[in-house]
Amino acid sequence: MSWLFGYKSQVPPQGGDGAPEPPGPSPSSAGAGQMAGDANLTKAERKAMEAYRFDSSALERAAEAARTLERSKHAREALELSKLQETTRQQEYLAKVKEYEAHIETSKVEQKRVDHEERRKTLAEETKQQQQRAQYQDQLARKRYEEQLAQQQRVQEENLRKQEESVAKQEAMRRKTIEHEMELREKNKMKLLEAELRAKAKVDRENRDLTLEQIRLKAEENRITVMEGIKTAGSVLGQGATALLTDWNKVVTTVGGLSLLALGVYTAKGATGVTARYVEARIGKPSLVNETSRFSLLEALKHPIETVKRLKHKPTDALQGVVLQPKLEERLRDIAIATKNTKNNQGLYRNILMHGPPGTGKTMFAKRLATHSGMDYAIMTGGDVGPMGRDAVTAIHKVFDWANTSRRGLLLFIDEADAFLRKRSSEQISEDMRSALNAFLYRTGEQNPRFMLVLASNTPEQFDYAINDRLDEMVEFTLPGLEERERLVRLYFDKFVLQPAAEGKKRFKVEQWDYGAVCSKMAKMCEGMSGREISKLGVSWQAACYASEEGVLTEQMVLDRCEAAARQHRQKMAWLSEQEKLDHKSITGGKGFLTQ
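Cut-off values and rules
Residues numbered from 1 in each chain as written. Predicted model: local features only at pLDDT ≥ 70, side-chain atom pairs only at ≥ 80, totals over all residues. Heavy atoms only, no water. Helix = DSSP H or I, 4+ residues; strand = E, 2+ residues; numbered from the N terminus. Buried < 20%, exposed > 50% of the residue type's maximum accessible area, 1.4 Å probe, protein only. Phe/Tyr/Trp six-rings, centres within 6.5 Å; stacked < 30°, edge-to-face > 60°. pLDDT = per-residue confidence, 0-100. Contact = heavy atoms within 4.5 Å. Patch = residues over 30% accessible without salt bridge, like charges linked within 9 Å, V, L, I, M, F, W, Y side chains within 5 Å. Areas by Shrake-Rupley, 256 points an atom, 1.4 Å probe, with all protein chains shown as cover. Salt bridge = Lys/Arg side-chain N within 4 Å of Asp/Glu carboxyl O. Lys, Arg positive; Asp, Glu negative; His and termini not counted. Charge placed at Lys NZ, Arg CZ, Asp CG, Glu CD. Pairing = 2+ DSSP bridges. Axes fitted to C-alpha atoms, helices over the stretch in contact; angles between N-to-C directions. Expected span 1.5 Å × (residues − 1). Polar contact = N/O pair within 3.5 Å; in protein donor to acceptor, adjacent residues only side chain to side chain. Core = buried A, V, L, I, M, F, W, Y, C linked by side-chain atoms within 4.5 Å.

- An unreviewed UniProt entry lists the protein under the name AAA+ ATPase domain-containing protein, from Anopheles farauti.

Written out as structure tokens, the structure reads:
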């Protein structure tokens, strides 16, 4: 059983006839020859060859074992055991073969993955190089274009300079020519005048005696005429005075007539003044008031239809159709309710300041507040006070006198109030403006049950301290946020686009697209714009439709108009100076605003 333990018996195996077997090539020599042949193969090829190589040593061991078993009494058991061992060995070899094959497949997959990764990196690097090359070429093209523009600009500037020099030279030559002509004309006039004077002097010298005689005769006639007139007037007056003084009835009649004449003149003058003030207070309106809802006979005669509509108009909610931030809406609603109840209970009105960027709805809310409260409103502008000069004080007193005569109560709205209510301590204002400010302070020193004062300004920090002391409520109207802008855009899109298209009375049609998504997109594009600017955007949509050939409004036309409006808004903001940006510090803040 030496073959089981891997060593050979010392006794050489005998053949069937007892003779030794002929020597053959040993496994070691065969293996050495084969390894010498495999030395030129790669590592992977050697592994593959080893997996499929035939092992001849197994047959030799089997033959040797068979010879040994023939002489053993346990030959059958040993044969079975050797078969099992050989089967196990063959299975191990098959397992190794499969393992080698799996390793080879894994190596192939890994090699493909590496190749793919290398190709991907190569493509990425090529793409990067192409992008860099394209960027560099684009930079070169832009640089060349900029150089061409600069060269063209220099050429244009040079041509413009030459044209200006040529025009200047021509203008100088024309001016010299005109001056020369005027000088010649003046010399000719002087020569002509000198000749006329010389001729006239000669004639006067020749006719001197005749002229003196004519003057003497005229003076004598004039003296005689004056003396005759004096004698006649004295005679008449003397006779009248004698007759008046000798007759007492005539004296009484004369004195009474003169007294009645003086009384009539004085009475007519006073009555005229009273009538003028009554007409101005009851029938007309002061010159400073630009717009009012108060009924007047002159306005009714000029605009009868609007007057009838205004009389039939019923009070509505002050915030109807208004888009606001919730906190600001709540505050304005409280002001509207308090004002209405103050009017109904005949209480004292409170003075309000509304400040914020232009186009946020301050004037509109003032009108609706007056209508909601059942009051009349009057709108004046602070910029109209300065040009009036000395008459500004009288005009301000007339406005407040007129406001005190309102039976329904008057909401006096002063737009751009900072134009004449500026600080007296830190700003240089004229004496007329200072007097107007003092008159305004005098008429607003106490709360009034007749009128309510509402001031509006974009720069409230410029108000005089005394004006701030008279304010009871301050409300800031700021620019809309994203949510409010979207509601505004939808509102104006329905008002200026969808409703006219649905009526069908005008040359106005709209293509089908997702209106809601487009309005949301435009709301983001309109950042920083006020409610007034967005309303103008709605009018521009109509203009775009009217300008088209077929009268059809497309999605691209709407977006183009919105982009143009946003670009114009940014340009306006860029034009603001540093001082204006400081004055309009609230131009980028907040969300509350108004709209129709």
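### Digging into the environment of Val-323
Right, on to step 1. Locating Val-323 in the fold gives a position in the loop between α8 (304-312) and α9 (326-344).
Right, on to step 2. Given a relative accessible area of 7%, Val-323 falls into the buried group.
Right, on to step 3. With 162 residues separating them in the primary sequence, Val-323 and Arg-485 have C-alpha atoms 9.1 Å apart.

### Observations regarding the packing of aromatic side chains
Right, on to step 1. Scanning the model with the defined rule gives ten aromatic pairs in all.
Right, on to step 2. Note on Trp-513 and Tyr-515: the rings are 5.0 Å apart at their centroids and 85° apart in plane angle, and the pair reads as edge-to-face.
Right, on to step 3. One aromatic cluster is present, formed by Phe-400, Phe-420, Phe-440 and Phe-451 through successive ring pairs.

### Things to note about the confidence of the model for the protein
Any region with low pLDDT has predicted coordinates that should not be read closely.
Right, on to step 1. Per-residue pLDDT for the protein averages 79, and the proportion of residues at 70 or more is 80%.
Right, on to step 2. Contacts from residues 1-33, a stretch scored under 50 in pLDDT, to residues over four places away or in other chains number 21 contacts.
Right, on to step 3. When the criterion is pLDDT under 50, residues 586-596 qualifies, and its contacts beyond four places in sequence or with other chains add up to 57 contacts.

### What about a negative patch on the surface?
Right, on to step 1. On the surface, Glu-511, Asp-514, Glu-549, Glu-550 and Glu-555 cluster together into a negatively charged patch.
Right, on to step 2. Locating Glu-555 in the fold gives a position in helix α17 (residues 555-575).

### Quick look at the sheet that holds strand β4 (residues 410-415)
Right, on to step 1. Here six strands make up an open sheet; going across it, the order is β1-β3-β4-β5-β2-β6 and the pairing mixed. Strands with a single pairing partner mark the edges of an open sheet, and in this sheet they are β1 (289-292) and β6 (473-476). Looking at each pair of strands side by side, their axes are set apart by 20° on average, direction ignored.
Right, on to step 2. In the packing of helix α10 (residues 362-373) onto the sheet, the strands contacted are β1, β2 (352-355), β3 (376-381), β4 and β5 (451-457), and the crossing angle to β4 comes to about 175°.
Right, on to step 3. Sitting on the sheet, helix α11 (residues 391-404) is in contact with β1, β3, β4 and β5, with an inclination near 155° to β4.

### Thoughts on unusual backbone geometry
Right, on to step 1. Phi at Gln-346 is positive, roughly 55°, even though this residue is not glycine.
Right, on to step 2. Mapped onto the fold, Gln-346 is located in the loop between α9 and β2.
Right, on to step 3. Here Gln-346 falls in the exposed class, since its relative accessible area comes to 71%.
Right, on to step 4. Positive phi outside glycine occurs at Glu-416, with the angle close to 50°.

### Quick notes on helix α16 (residues 531-547)
Right, on to step 1. Along its 17 residues, α16 runs 25 Å from first to last C-alpha, staying within 8% of the 24 Å computed at 1.5 Å per residue.
Right, on to step 2. For α16, the complete set of buried residues consists of Gly-531, Glu-533, Ile-534, Ser-535, Leu-537, Gly-538, Ser-540, Trp-541, Gln-542, Ala-544 and Cys-545.
Right, on to step 3. If you follow the buried residues of α16, they end up packed against α14 (482-503), β7 (509-510), α15 (515-525), β8 (552-553) and α17.

### Here's the deal with the side chain of Ser-548
Right, on to step 1. Relative to the assigned elements, Ser-548 resides in the loop between α16 and β8.
Right, on to step 2. One polar contact links the side chain of Ser-548 to the main-chain amide nitrogen of Val-552, over a distance of 3.4 Å.
Right, on to step 3. When sequence neighbours within four positions are dropped, the list of residues in contact with Ser-548 reads Arg-507 and Met-557.

### Some words on the nonpolar core
Right, on to step 1. Among the nonpolar cores identified, the biggest contains 32 residues, and Ile-414, Leu-421, Phe-440 and Leu-455 are the most heavily contacted of them.
Right, on to step 2. If you list the elements that add at least two residues to this core, you get β3, α11, β4, α12 (431-443), β5 and α13 (465-469).
Right, on to step 3. Among the elements that make up this core, the one with the highest residue count is α11 (seven residues).
Right, on to step 4. Among residues more than four places away in sequence, those in contact with Leu-421 are Leu-437, Phe-440, Leu-455, Gln-462, Phe-463, Asp-464 and Ile-467.
Right, on to step 5. Within the second largest apolar cluster, 25 residues are counted, among which are Phe-496, Phe-508, Cys-526 and Ala-565.

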